[in-house]
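Letter by letter, the chains look like this.
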Amino acid sequence: MLYNMSGRLDTAHRKMDTQSHGDAQRHLGNGHASLASPLKLFGQAKKRINEIFQDIKAYSHETEAFLTGISADASVVTPEEVTQVKAVRDKVSGIGEVLARNHMKVAFFGRTSNGKSTVINAMLRNKILPSGIGHTTNCFLQVEGTEGTEAYMLTDDSMEPKNVQSVRELASALSSVKLSEDSLLRIVWPKEKCNLLKDDVVLVDSPGIDVSPNLDAWIDKFCLDADVFVLVANSESTLMQTEKNFFLKVNDKLSKPNVFILNNRWDASVSEPEMMEEVKKQHLERNVAFLVDELKVVNRQEAEDRVFFVSARETLISRTHQETGTPTPTGSLQEGYQARLFEFADFERKFEECISKSAVQTKFEQHTERGKTISSQLKAVMDAVYDRTIHCKDERSTKKSETSSRLDFVESQLNLLINEIKDKIRSMVEDVENKVTRALNEEIRRLFLLVDEFDRPFHPDSNLVAVYKKELHVYVEEGLGRNLQAKCSEVVLRGMESAEKEMTERITPLLPDDTRQQVLNCLPRRDFEIAYRLDCRNLCADFREDIEFRFSYGITSLMRRFLGPRNAHTPLRGYTDYNPRPMTPQTPVREAVPAPVVDENEVMLTVLSTFSSRSTIGVIVVGGLVTKAVGVRIIAVVGALYASLYIYERLAWTNKARERAFKRQYVDYATRKLKLIVDLTSSNCSHQVQQELSSTFARLCQNVDSAKTDLEEELKQLTKETAKLDEVASKAKLLRNKAGFLDMELDSFVTQYLKHTT
């Protein structure tokens with residue numbers, strides 16, 4: 001199209017003066033001299049806004065995936081935000097679909113036979129739509145471009161492509177096939193055949209507005225998304241009220257629509273050249289008044305640029321023959337046609353500028369605002385997520401630091417407690433051992449009292465003595481254990497309870513509040529008792545009692561009394577334990593074994609059997625001398641007294657006497673044996689105490705170890721959560737910045753295309 005033309009008659013004549021041939025003049029008037037089309041602005045803007053919304057769509061999907069991935073953490077993302085982002089994603093997808101379909105739409109309206117279809121054909125440079133005399137167009141026709149090479153037609157009731165030649169049958173009012181007036185036939189024409197269609201321009205032809213009362217339905221169905229309206233009027237008559245009423249209705253539903261007025265068939269003015277300027281002035285004044293005063297869509301200066309006087313028939317004839325390269329038939333073009341061709345080209349230029357600016361505004365301004373709203377919403381969501389993530393991260397970091405400090409404190413305090421408690425247990429074990437040793441030694445010294453209190457029938461029969469001995473073992477063991485418990489157990493248990501209570505009080509601060517109740521189960525056990533384990537039965541198993549009668553002044557007794565039990569057998573048996581020292585060194589001789597106890601009868605037999613020995617003869621000699629010196633009577637009296645004493649003692653040797661002798665021998669034997677196990681018993685008791693205290697402390701430490709494990713697991717979990725929150729914060733910050741970048745892109749689009757077109 002010709003950009004550097006004004007389109008007015010004077011401009012056209014100046015252009016014509018520079019041309020030497022009529023064909024060259026028609027060439028200019030046919031609109032081929034333009035270097036660039038204003039319609040390119042719409043295509044550039046559409047491409048740019050689609051790229052931006054593709055980025056917004058990808059951003060919304062990325063945001064949704066991000067929020068869905070972390071939606072389990074309600075402290076960072078709320079369900080409302082996820083729902084909001086999903087709604088935004090759907091909204092962006094819808095906008096993207098609309099933008100992909102967006103095109104510049106121009107609707108042609110006018111009365112029947114005013115030449116609407118011819119104007120569209122002239123603009124398309126091809127006779128595509130049916131045209132002719134009378135009511136020709138019976139329904140709405142939409143011409144749009146396609147990248148394909150074949151033209152086809154689509155109907156309302158089917159998306160199956162039909163032969164484009166059938167449009168004359170279906171759309172013509174003269175055809176036998178009748179379509180409803182509000183039907184739409186879509187004619188899809190190859191873009192390579194028409195430059196106008198290459199720039200996403202859609203042309204809509206309509207039936208005459210004077211043939212149907214359903215104007216409101218037409219407006220709602222076909223006019224609300226139109227960028228430019230072209231009122232095709234008949235220059236042979238004035239602007240009719242029917243035409244005015246239609247556009248007043250359009251103006252009511254659309255705010256300041258872009259309206260162009262084409263006074264078609266201006267070639268008829270050639271027949272009355274003297275009235276041409278006056279008629280033109282009249283039409284121009286009425287058209288401008290309609291646009292300015294009634295529609296109020298433009299000012300007067302702008303209105304004059306919206307009114308044109310053309311001949312669509314001449315333009316179509318000129319352009320079709322130019323496209324085919326054939327000469328124009330003589331007489332088909334009236335005088336002065338060049339001016340009308342330039343006027344039509346001027347209309348196209350103004351129309352292209354207007355529709356380009358209008359379409360960019362109407363098609364993209366609202367979407368741009370919605371895009372900015374969407375980016376602001378997503379940015380607000382990312383801001384909220386980022387702020388909450390940083391807050392949660394700070395909380396986790398603080399808690400992590402506290403947990404780490406708590407873990408270090410527990411470990412250091414536990415190590416300190418272990419050493420202190422070990423020393424405490426060691427000290428207490430030593431104290432218990434000393435107490436048990438003292439108490440057991442004291443009980444050993446008082447063993448005769450305990451044995452004396454044993455009251456069971458006693459009989460010298462060996463079987464009955466064995467039973468008596470067995471019961472005495474049990475009695476002594478129980479008595480010693482009872483006395484030791486009375487002296488030691490209570491004191492030891494109090495000490496243990498105090499130690500365990502101290503351990504518990506020292507351990508409790510290292511445990512969390514919810515597990516401290518478990519420590520109560522580790523308090524001192526009430527069923528613990530020290531087992532002394534004296535085992536008198538086995539200890540005194542080798543005890544052999546001697547309860548046979550022995551005269552206290554018998555020869556054996558006297559020998560033992562004066563010579564001692566070890567040497568009493570020497571004079572009685574007539575030999576000595578002395579062995580002469582050998583002259584040469586020999587193997588040391590073992591110490592002589594103590595002589596066994598000698599019975600009185602055995603002694604008498606020994607005396608009688610040794611009369612012949614020299615020592616016995618000496619005794620007899622000494623006895624004879626004593627008898628001679630003292631006298632027989634005195635010896636008799638002494639003998640009688642000695643016999644009486646023997647009889648007394650013999651009669652006094654009852655079961656009670658035997659029992660006392662038994663108990664005395666048992667006490668002596670048991671005392672020696674018990675003294676041997678004093679250290680063992682005290683060590684055993686102290687070991688029991690050590691085991692109990694160590695076991696209690698181990699149970700307490702187990703709770704601390706469990707608390708340490710929980711702290712370590714919590715620390716690991718906090719570390720993972722902190723790292724995850726760090727990733728979430730970084731991603732949220734990146735997405736927030738992306739929203740800011742998209743907002744800047746939309747601002748750049750506004751500056752480049754929307755403000756530029758205002």
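Residues numbered from 1 in each chain as written. Predicted model: local features only at pLDDT ≥ 70, side-chain atom pairs only at ≥ 80, totals over all residues. Heavy atoms only, no water.

J.: With reference to specific residues and values, describe the packing of aromatic side chains.
T.: Counted according to the given criterion, the structure contains 25 aromatic pairs. A ring pair is formed by Phe 246 and Phe 247, whose centres lie 5.3 Å apart and whose planes are at 90°; its orientation type is edge-to-face. What makes Phe 247 buried here is its relative accessible area of 1%. Plain terms: the ring middles of Phe 662 and Tyr 666 are 6.5 Å apart, the flat faces sit at 10° to each other, and that makes the pair stacked. (Phe/Tyr/Trp six-rings, centres within 6.5 Å; stacked < 30°, edge-to-face > 60°. Buried < 20%, exposed > 50% of the residue type's maximum accessible area, 1.4 Å probe, protein only.)

J.: Tell me what's going on with the sheet that holds strand 8 (residues 258–264), and back it up with residues and numbers.
T.: As summarised here, the arrangement of the 9 strands in space is 4-3-5-2-6-1-7-8-9, forming an open sheet in which the pairing is mixed. Two strands in the sheet have a free side with no partner beyond their single neighbour: strand 4 (158–162) and strand 9 (307–309). Recorded for the sheet is a direction-independent mean angle of 20° between the axes of neighbouring strands. (Pairing = 2+ DSSP bridges. Helix = DSSP H or I, 4+ residues; strand = E, 2+ residues; numbered from the N terminus. Axes fitted to C-alpha atoms, helices over the stretch in contact; angles between N-to-C directions.)

J.: Tell me about the packing of helix 15 (residues 462–507) against helix 23 (residues 655–676), residues and numbers included.
T.: Relative orientation and spacing of two packed helices are given, respectively, by the angle between their axes and the distance between those axes. Where helix 15 meets helix 23, the closest approach of the two axes is 12 Å, and the angle between their N-to-C directions is 50°. Judged on the interaxial angle alone, helix 23 and helix 15 are oblique. As for how helix 15 packs across helix 23, the hand of that crossing is right-handed. Contacts from Val 465, Tyr 468, Lys 469, Leu 472, His 473, Val 476 and Leu 480 in helix 15 reach Glu 659, Phe 662, Lys 663, Tyr 666 and Leu 674 in helix 23. Counted by class, the contact of helix 15 with helix 23 contains 8 nonpolar, 1 polar and 3 charged residues. (Parallel < 35°, antiparallel > 145°, perpendicular 65-115°, else oblique. Left-handed = near helix turned anticlockwise from the far one by under 90°. Contact = heavy atoms within 4.5 Å. Nonpolar A, V, L, I, M, F, W, Y, C, P; charged D, E, K, R; others polar.)

J.: I'd love a proper account of the nonpolar core, names of residues and values included.
T.: Core analysis: the biggest nonpolar cluster contains 81 residues, and Phe 66, Leu 67, Val 106, Phe 108, Val 230, Met 382 and Val 385 have the highest contact counts within it. Considering every element that reaches this core, the biggest residue donor is helix 13 (residues 337–445), with 15 residues. Within the second largest apolar cluster, 60 residues are counted, among which are Met 496, Val 667, Leu 674 and Cys 685. (Core = buried A, V, L, I, M, F, W, Y, C linked by side-chain atoms within 4.5 Å.)

Read these as geometric descriptors, not functional statements.
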